[in-house]
Amino acid sequence: MPGESTLPLPAPCPCCAPCPSWSPQGAGMPATGSTRSTGSESWRSWAWTSRPSLLATGRLHFPPLALRRRLGQLSCMSKPALKLRSWPLTVLYYLLPLGALRPLSRVGWRPVSRVALYKSVPTRLLSRAWGRLNQVELPQWLRRPVYSLYIWTFGVNMKEAAVEDLHHYRNLSEFFRRKLKPQARPVCGLHSVISPSDGKILNFGQVKNCEVEQVKGVTYSLESFLGPRTPAEDLPFPPATPHSSFRSQLVTREGNELYHCVIYLAPGDYHCFHSPTDWTVSHRRHFPGSLMSVNPGMARWIKELFCHNERVVLTGDWKHGFFSLTAVGATNVGSIRIYFDRDLHTNSPRYSKGSYNDFSFVTKANKEGVPMRKGEHLGEFNLGSTIVLIFEAPKDFNFKLQAGQKIRFGEALGSL
């Protein structure tokens, strides 16, 4: 009309620009008005429908243009908001039948990896809640059914327990930490190192290139696991020299090697652990961390799993040099107890992940530390977990083990 000015339409947003060959009818969406290709209101006016053929195949149909637009909005979000918005889609991606959300990948969306998704689970909070539940006293009539179900599920041998009567255990925590009969686990006196607990041997051997295998083919850093060397006089580490490796800082005697052994405790195993040899504990380092499962399948899946999880590292020395025992926590195993360390509190909200705290058992009154005899009670878990031994020994030290074998406390690990 005369006198009227014609304003140009704004350029479309890249994430909203349609494909030249795209049409609402081709995407299975009926047009309900204007089909102008440059605006965004027209896209809102089309109803979302699913093709019957796609429904029959079990796949969902999503309008590609609308998905591009939503993903463009997600890309402008902050990282916390983006993580919150992407998390439900990722869960659906792994739960729905294979290929159900495949159209999302065609427009640029990628699911969070299974490892990242698992790491985002609040395992510390869940383990803390599980610990509270374990302390609840069960009524007499409920104890036998609950404990019998646990015994049947995990194959617990109650004939070895010091108290076989199930009504004796007031709560799940007492049942998990049950003691054994004295003759149930004879301690081998012929070998220098014995198994500190019941469990399964995941890996063992020499430490090479400052890397330790948690399972075959999956390694973790020795320094990340034990923590950096602290320049304190009471620590059992030799003085550091320039350009020296972490391994050379642990090996105190010429001609010795560094060895390791990983023992996995299943939920049905005996949950206490003992001293594997005659040694002196001089230092404790507590790493607050995650509480992910440490079963062999998960250890193959997540690299440096033991470095991520909460753990208590006891270091000291034995007759051949450096010796350490590390109790690694796991899901529902927030409680790691060391009998002679009353100041230790694991899975506590006052400690944040990524830090560590040290405690020395060497004092002015006790300049050596805490002496431990082979087979002596050392600590306990609240459920299954993992124990890692890292120690110095001469080159002729030999393990009497096979990877994957079951072992019981008191049996030989190796000797010279």
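In this text, all values refer to a predicted model and were calculated from it rather than measured experimentally.

Draft legend 1. Just the UniProt feature "modified residue: Pyruvic acid (Ser)" (unreviewed entry) in the chain, in detail. In the numbering used here, UniProt assigns the feature "modified residue: Pyruvic acid (Ser)" (unreviewed entry) to Ser385. Checked against the element boundaries, Ser385 lands in the loop between strand E13 (377-381) and strand E14 (386-394).

Draft legend 2. Structural context of the pattern of salt bridges. The tally for this structure, following the rule as stated, stands at 14 salt bridges. The shortest N-O distance in the salt bridge between Arg285 and Asp358 comes to 2.6 Å. One end of the pair, Arg285, is in strand E7 (residues 279-287); the other, Asp358, is in strand E11 (residues 357-360), and 73 residues separate them in sequence. A salt bridge links Arg408 to Glu411, with the shortest nitrogen-to-oxygen separation between them at 4.0 Å. In this structure Glu411 comes out as partly exposed when scored by relative accessible area, which is 34%. In the salt-bridge network here, residues are joined through shared partners; they are Glu160, Arg185, Asp198, Arg408 and Glu411.

Draft legend 3. The sheet that holds strand E6 (residues 272-274), seen in detail. The sheet built from three strands is open, its strands ordered E6-E13-E10 with antiparallel pairing. Each of the sheet's edge strands pairs with one partner strand only, and the pair in question is E6 and strand E10 (336-338). For this sheet, the mean angle separating the axes of adjacent strands, direction not counted, is 20 degrees. Alignment of E10 against E13, held across three bridges, turns out to be antiparallel. From the neighbouring strand, Ile336 faces E13, where its bridge partner is Phe381.

Draft legend 4. Region of interest: the nonpolar core. Grouped together as the largest cluster of nonpolar side chains are 32 residues, with contacts concentrated most on Cys261, Phe273, Trp279, Leu314, Leu389, Phe391 and Leu413. Of all the elements in the fold, those that place two or more residues in this core are strand E5 (256-264), E7, strand E8 (311-318), strand E9 (321-328), E10, strand E12 (370-372), E13 and E14. Broken down by element, this core gets its largest block of residues, four residues, from E14. When near neighbours in sequence (up to four residues on either side) are disregarded, Trp279 contacts Leu314, Thr315, Gly316, Asp317, Trp318, Phe323, Ser324, Leu325, Val370, Pro371 and Met372. Ranked by size, the runner-up nonpolar core spans 29 residues in total, among them Val212, Val262, Met298 and Phe306.

Draft legend 5. Structural detail: the UniProt feature "active site" (unreviewed entry) in the chain. The UniProt record annotates "active site" (unreviewed entry) at Asp198, His274 and Ser385. Across 188 residues of sequence, these annotated residues stay compact in space, with a maximum C-alpha separation of 14.3 Å. Of note, Asp198 is situated in the loop between strand E1 (193-194) and strand E2 (199-206). Setting aside its immediate chain neighbours within four residues, Asp198 contacts Arg185, Ile263, Tyr264, Leu265, Asp269, Tyr270, Ile407, Arg408 and Phe409.

Draft legend 6. Just the pairing of E14, in detail. Along E14, nine of the nine residues are buried, which leaves the element largely enclosed by surrounding structure. Note that E5 and E14 share nine bridges and pair antiparallel. Among the inter-strand pairings, Tyr264 is bridged to a residue of E14, identified as Thr386. Where E9 meets E14, six bridges bridge the pair, whose relative direction is antiparallel. In the strand pairing of E14, Thr326 is matched with Val388.

Draft legend 7. Region of interest: the side chain of Thr277. Its place among the elements puts Thr277 in the loop between E6 and E7. Here Ser192 takes part through its backbone oxygen, which lies 2.8 Å from a polar atom of the side chain of Thr277. Residues in contact with Thr277, not counting those within four places in the same chain, are Ser192, Trp318, Phe323, Met372, Arg373 and Lys374.

Draft legend 8. Spatial organisation of the packing of aromatic side chains. One pass over the full model with this rule turns up 22 aromatic pairs. Ring geometry for Phe175 versus Phe176: centroids 6.5 Å apart, planes at 55 degrees, classification tilted. Phe176 carries the same exposure label as Phe175, and that label is buried. Seen from their ring centres, Tyr259 and Phe399 are 6.1 Å apart, and the 65 degrees between their planes marks the pair as edge-to-face. Of this pair, Tyr259 sits in strand E5 while Phe399 sits in strand E15 (residues 398-399); the two residues are 140 residues apart in sequence, bridging distant segments of the chain. Overall, Tyr259 belongs to the buried group, its relative accessible area being 2%. Aromatic ring contacts, followed pair by pair, group Phe204, Tyr259, Trp279, Trp318, Phe323, Phe391, Phe397 and Phe399 into a single cluster. A cation sits over an aromatic face here: Arg178 above Phe175, 5.0 Å from the ring centre. Its guanidinium or amino end placed over the ring of Phe287, Arg311 lies 3.9 Å from that ring's centre, counting from NZ or CZ.

Analysis parameters
Residues numbered from 1 in each chain as written. Predicted model: local features only at pLDDT ≥ 70, side-chain atom pairs only at ≥ 80, totals over all residues. Heavy atoms only, no water. UniProt positions renumbered as here; feature names shortened; annotations may be inferred. Helix = DSSP H or I, 4+ residues; strand = E, 2+ residues; numbered from the N terminus. Salt bridge = Lys/Arg side-chain N within 4 Å of Asp/Glu carboxyl O. Buried < 20%, exposed > 50% of the residue type's maximum accessible area, 1.4 Å probe, protein only. Pairing = 2+ DSSP bridges. Axes fitted to C-alpha atoms, helices over the stretch in contact; angles between N-to-C directions. Core = buried A, V, L, I, M, F, W, Y, C linked by side-chain atoms within 4.5 Å. Contact = heavy atoms within 4.5 Å. Polar contact = N/O pair within 3.5 Å; in protein donor to acceptor, adjacent residues only side chain to side chain. Phe/Tyr/Trp six-rings, centres within 6.5 Å; stacked < 30°, edge-to-face > 60°. Lys NZ or Arg CZ within 6 Å of the ring centre and 35° of its normal.

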